[in-house]
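Tertiary structure, described
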Amino acid sequence: MSVLIAIPARYASSRYPGKPLVELRGAGGVSKSLIRRSWDAAQQVSGVDRVVVTTDDDRIADAARSFGAEVVMTSTECQNGTERCAETVQTLAEEFEIVVNLQGDAPLTPAWFIEDLVAGLRANPKADVATPVLRTDARALNGLLLDRKEGRVGGTTAVFGADHNALYFSKEVIPFRGKTYAEGDETPVFHHVGVYAYRPDALAAYAGWPTGPLEQLEGLEQLRFLERGVPMLCVEVAAKGRQFWELNNPEDVPLIEEMLAEMGHM
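A brief look at the structure comes next. Remember, it's a predicted structure, so these values are computed and weren't measured experimentally. (Residues numbered from 1 in each chain as written. Predicted model: local features only at pLDDT ≥ 70, side-chain atom pairs only at ≥ 80, totals over all residues. Heavy atoms only, no water.)

Turning to its location among the elements, glutamate 257 is positioned in helix α9 (residues 252–262). For glutamate 257, a relative accessible area of 12% corresponds to the buried category. Within the structure, the side chain of glutamate 257 is placed 2.8 Å from the backbone nitrogen of arginine 25, a separation counted as a polar contact. (Helix = DSSP H or I, 4+ residues; strand = E, 2+ residues; numbered from the N terminus. Buried < 20%, exposed > 50% of the residue type's maximum accessible area, 1.4 Å probe, protein only. Polar contact = N/O pair within 3.5 Å; in protein donor to acceptor, adjacent residues only side chain to side chain.)

Let us now look at the packing of helix α3 (residues 81–92) against helix α6 (residues 200–207). Running from N to C, α3 and α6 cross one another at 115°; their axes reach a closest spacing of 9 Å. Between α3 and α6 lies a crossing of left-handed hand. In this structure, α3 uses Thr82, Glu83, Cys85, Ala86 and Val89 to contact α6, whose residues at the interface are Leu203, Tyr206 and Ala207. Residues of the contact of α3 with α6, tallied by class, amount to six nonpolar, one polar and one charged. (Axes fitted to C-alpha atoms, helices over the stretch in contact; angles between N-to-C directions. Left-handed = near helix turned anticlockwise from the far one by under 90°. Contact = heavy atoms within 4.5 Å. Nonpolar A, V, L, I, M, F, W, Y, C, P; charged D, E, K, R; others polar.)

So, about the packing of aromatic side chains. Going through the model one piece at a time under the given rule, you end up with nine aromatic pairs. Taken together, a centroid distance of 6.3 Å and an interplanar angle of 50° make the contact between tryptophan 39 and phenylalanine 67 tilted. Placement of tryptophan 39 in helix α1 (residues 34–43) and of phenylalanine 67 in the loop between α2 (58–66) and β5 (71–73) is noted, with a sequence separation of 28 residues between them. Look at phenylalanine 67 and you get buried, because its relative accessible area is 18%. Feature note: the residues Tyr196, Tyr198, Tyr206, Trp209 and Phe225 constitute an aromatic cluster, connected by ring pairs. The lysine or arginine in question, arginine 59, covers the ring of tyrosine 11, its NZ or CZ lying 3.6 Å from the ring centre. We note lysine 240 situated over the ring of tryptophan 112; from NZ or CZ to the ring centre the distance is 4.8 Å. (Phe/Tyr/Trp six-rings, centres within 6.5 Å; stacked < 30°, edge-to-face > 60°. Lys NZ or Arg CZ within 6 Å of the ring centre and 35° of its normal.)

Right, let's get into the nonpolar core. Membership of the largest hydrophobic core comes to 53 residues, with the highest contact counts inside it found for Ile5, Ile7, Val53, Val100 and Ile114. Looking at this core element by element, the count peaks at seven residues for helix α4 (residues 111–122). Look past the residues within four positions of isoleucine 5 in its chain and what remains in contact with it is Ala42, Val45, Val48, Arg50, Val51, Val52, Val100, Leu102 and Ile114. Among the nonpolar cores identified, the runner-up in size contains 28 residues, and Ala86, Phe96, Ala158 and Tyr198 belong to it. (Core = buried A, V, L, I, M, F, W, Y, C linked by side-chain atoms within 4.5 Å.)

Right, let's get into the state of the cysteines. Evaluation of the coordinates by the stated rule reveals zero disulfides. With no disulfide partner, cysteine 78 has as its closest neighbouring cysteine sulfur the one in cysteine 85, 9.2 Å distant. Note on cysteine 85: relative accessible area 0%, which makes it buried. (Disulfide = S-S within 2.5 Å.)

When you tally the buried positions in strand β10 (residues 186–192), you get five out of seven residues, the bulk of the element. As defined by bridge partners, strand β7 (residues 129–137) adjoins β10 across four bridges and the pair is classed as antiparallel. Within the sheet, the bridge partner assigned to arginine 135 lies in β10 and is phenylalanine 190. Inspection of the sheet shows strand β8 (residues 156–160) paired to β10 by three bridges, in the antiparallel sense. (Pairing = 2+ DSSP bridges.)

So, about the pairing of strand β1 (residues 3–9). The element β1 is extensively covered by neighbouring structure, given that seven of its seven residues are classed as buried. Side chains Val3, Ile5, Ile7 and Ala9 project from β1 onto one buried face, and the interleaved Leu4, Ala6 and Pro8 project onto a second face that is buried too. Bridge count between β1 and strand β6 (residues 98–102): four bridges; the pairing is parallel. In the sheet register, alanine 6 faces β6, and the bridge partner there is asparagine 101. Bridge count for β1 against strand β4 (residues 50–55) is six bridges, and the pairing is parallel. Among the inter-strand pairings, alanine 6 is bridged to a residue of β4, identified as valine 52.

Attention now moves to α1. Burial analysis of α1 places seven of its 10 residues in the buried class, the great majority of the element. Where α1 is buried, its residues meet β1, β2 (23–25), β3 (31–33), β4, β6 and α9.

So this is what it looks like as structure tokens:
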């Protein structure tokens, strides 16, 4: 019943080239690369049997090995992190019950997000894929809205049904809101946390499907599952006072550094 965390990282990001190697200052001015902070986040997760950084770039691989990470080199043909995770599983030639994709741009992901995600997938034997969603407060929602207002593609939002299966994911802020929210208020908008848990068969099937039109339009890899009629379980996770944000654009660096300092992360 083993669990693998794979951290896919690529250098040639269209929005932020070289992003995994960007230095982020934490509390006390301690500076660590984004890929190092993502690796450190993975090390805090309980119940995990193996953690690897998976990349096609020697610069990222060298940086990861320098702080002791296990690295799996993958093809430059991988179109996204899910395809990279699928190739990683094939390369390792080891059987896992669940494969977790912790994308290398989410260093603020708390351990319990991933622990709850794995538990949610295990508790739903009919589900083959799961992902965390976090209800936004006014601060997080305003951050999402500001990105869109200023023309940046930032975080992703999710809507799901009564069964918690995803209805849609978008880089627009959905659903429509007919009011504004005060600081500290919960909102009806769920921030999609860029982590996935797959059963190996679903992951292998994904790699064999062509890119669908919605995936291409939104630039969201998880839509390939929805376009193929594969349910994706949305597991609601709790912030517990923690801020969450992903590094999508250069403008996110000072925000993430502020959050690292607030939480006392060195």
